Amino acid sequence: MSETIKASTAAVKVLEEWGVKHIFGIPGGSINSLMDALLTETEQIDYIQVRHEEVGAMAASMHAKFTGHIGVAFGSAGPGGTHLLNGLYDAREDHVPVLAIVGQFATSGMNMDTFQEMNENPIYADVAVYNRTVTTAAQLPHIIDEAIRQAYAKNGVAVVELPVDLGTLEIPVMESYSAANAHRLMPNPALNDEDLAAAVEILNSSEKTIIYAGIGARGAGSVVEELSRKIKAPVAVTGVAFDEFSGDFEGLLGSANRVAWKPANEAFPNADTVLFIGNNYPFAEVTNVFENVKNFIQIEINPANLGKRHHNDVTILGDAFDGVQALLSRVDEKDESPWWRANLANIKNWREYLTRLENKTDGELQLYQIYKQINEHANDDAIFSIDVGDVTLTSVRHLHLNPQQLWRTSNLFATMGIGLPGALAAKFDFPTRQVWNLAGDGAFNMVMQDLATAVQYKLPIINVIFSNDQFGFIKDEQEDTNDGYFGVEFKGVDYALIATAMGAKGYTITSIDGAASVFDSALADIEKGYPVLIDAKISGDRPIPVEILELDPEIHSADAIEAFRKRYDAYDLIPFATFLKSEGIRPEYKATDLGGF
């Protein structure tokens, strides 16, 4: 008689063969056959017990973003599984591979309106690239293998619904249950010489070029900077690509729109050419950011994105690094130009403004001074898990990032609460590196129960909570679009006390002069293995809205400019038009709508 194995154990062995190191979830009656298998395989794969399935799914998604490796989470039938959806949609929108295993009532009760039994396939149909219910025990390891292959191949979410009884049944032992050894990445497309030549012709002749690098430019930062200096074209980035570039790169315009820098928003209306690299900027159409651009060159490896955000004058199908490297070897070196000098002066002025805010020593505690402490205490290879809201906006302005560090958030889905799950995943994945969770109090309120998970697994994460008793990002939106504020303020919480009750080290900062010593203590605590929470009680000040600047006397009244400068402490900010005029360039004032979201 042939040797047998439980189907659920065979399924877990598939995960092991694919290199899965940990799986996030909460047990339940309908998923208990998987729990038995995880117990059997506890030496090979770590089960991470989270306090909420949503946190598990978000951690799996962030694991995929930090590592490129598939993240795995599970939930029991009904509410356990549906709790996963927020994290699964985050993975779908950011095109990262995640596997969700969802429990189901035993086959004897399926389609009988049994307790917590429902038709699960339609629930996950929209979020998943692969979505199957197991119908026999022998299928289980093969379906798990297929799910992982599909998640990798299609950069998305795979969902497997598992009736609990099937996992307990015996199936024949096989030498291998997966196709993991056959996994390969598609080779980069060969670049087209005619397309490259057409791009070089435009770049050589254009006078006001912007390089706009997106997430696809990860790994190409150094050659993008080299190309920038060679053709005297400043570099704008999408927010998710900031950590690819040196924070002190003199040609960095930052990001555009609202989660943005002033120099990028001012430069785009004045540019004549955009080199769009590995980018799928989701606000392009709604903001008309490219309306003045005469030449648009796109480098993109995904054919589905070619020409998606603007009419292309030149299209280069290929990897970002390959494309930029090819252009770099072919374009002419340009002398320092008026366009380059004007942008560098504008960038320098913007950075001086940010630095002054960070270095204030008196007045009410603002988030800017907290970022000063983060920058001074962060390691050169620190990992930052960034939550959604004002902390996203301010982190791209005030974190002094370098390419050794990692910066990740919920990019397109923009789900609040992603910071702590991401930090958990990062610390499991990179146990020797310093990990930060930066979150507003509104977002942290959604997931703070899982600070206990960090304590349980002895994960020395530094959690910085920017606490001002409001949904600041939404409040600022209401200021611009609504008749008044409603639903955006809430009662404050003593987060340090909660952290202490959970077994973490908790600190509260209420003044600028009290910040440094707290961060010193936090670093000492994580060296001893303690998770740390710093509750920074900051002001409710709105960060400067660079999408609706009021600084230029050519288009704004003196009263409006004075009010704007006073509110945002912006007396030293100079409009880009001033730098352009000093270089003999006529500024463009054609209306570009950078407001809204």
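One can find the structure itself at the top, above this paragraph.
Residues numbered from 1 in each chain as written. Predicted model: local features only at pLDDT ≥ 70, side-chain atom pairs only at ≥ 80, totals over all residues. Heavy atoms only, no water.

## A look at the sheet that holds strand β6 (residues 128–133)
Across the sheet, which stays open at both edges, the six strands sit in the order β3-β2-β4-β5-β7-β6 with parallel pairing between neighbours. Sheet topology places β3 (46–49) and β6 at the edges, where each strand pairs with a single neighbour. The average angle at which neighbouring strand axes cross in this sheet is 20°, direction not considered. Summarising the sheet, strand β4 (residues 71–75) and strand β5 (residues 98–104) pair through five bridges and their orientation is parallel. Each bridged residue has a counterpart across the sheet, and for Phe-74 the counterpart in β5 is Ile-101. (Pairing = 2+ DSSP bridges. Helix = DSSP H or I, 4+ residues; strand = E, 2+ residues; numbered from the N terminus. Axes fitted to C-alpha atoms, helices over the stretch in contact; angles between N-to-C directions.)

## Observations regarding the pairing of β4
In summary, the side chains of a regular strand alternate between the two faces of the sheet. In terms of residue burial, β4 counts as a mostly covered element, since five of its five residues are buried. Residues Gly-71, Ala-73 and Gly-75 of β4 are buried on one face, and the alternating residues Val-72 and Phe-74, pointing to the opposite face, are buried as well. Of the pairings in the sheet, the one linking strand β2 (residues 22–25) to β4 comprises two bridges and is parallel in character. From the neighbouring strand, Phe-24 faces β4, where its bridge partner is Ala-73. (Buried < 20%, exposed > 50% of the residue type's maximum accessible area, 1.4 Å probe, protein only.)

## A look at the sheet that holds strand β19 (residues 505–509)
Strand pairing in a sheet takes place through backbone hydrogen bonds and is either antiparallel or parallel in direction. Here six strands make up an open sheet; going across it, the order is β16-β15-β17-β18-β20-β19 and the pairing parallel. Whereas interior strands pair on both sides, the edge strands pair on one side only; in this sheet they are β16 (406–408) and β19. Here the strands of the sheet are splayed against their neighbours by 15° on average, with no regard to which way each runs. One ladder, built from four bridges, connects strand β15 (residues 383–386) with strand β17 (residues 435–440); its direction is parallel.

## Regarding the pairing of β3
Direction of pairing for β2 relative to β3: parallel, over a ladder of four bridges. Pairing of His-22 across the sheet is with Asp-46, part of β3. Tracing the backbone out of β2, into helix α2 (residues 32–40) and back to the parallel element β3 gives a crossover that is right-handed. (Right-handed = clockwise from strand over helix to strand, strands pointing away.)

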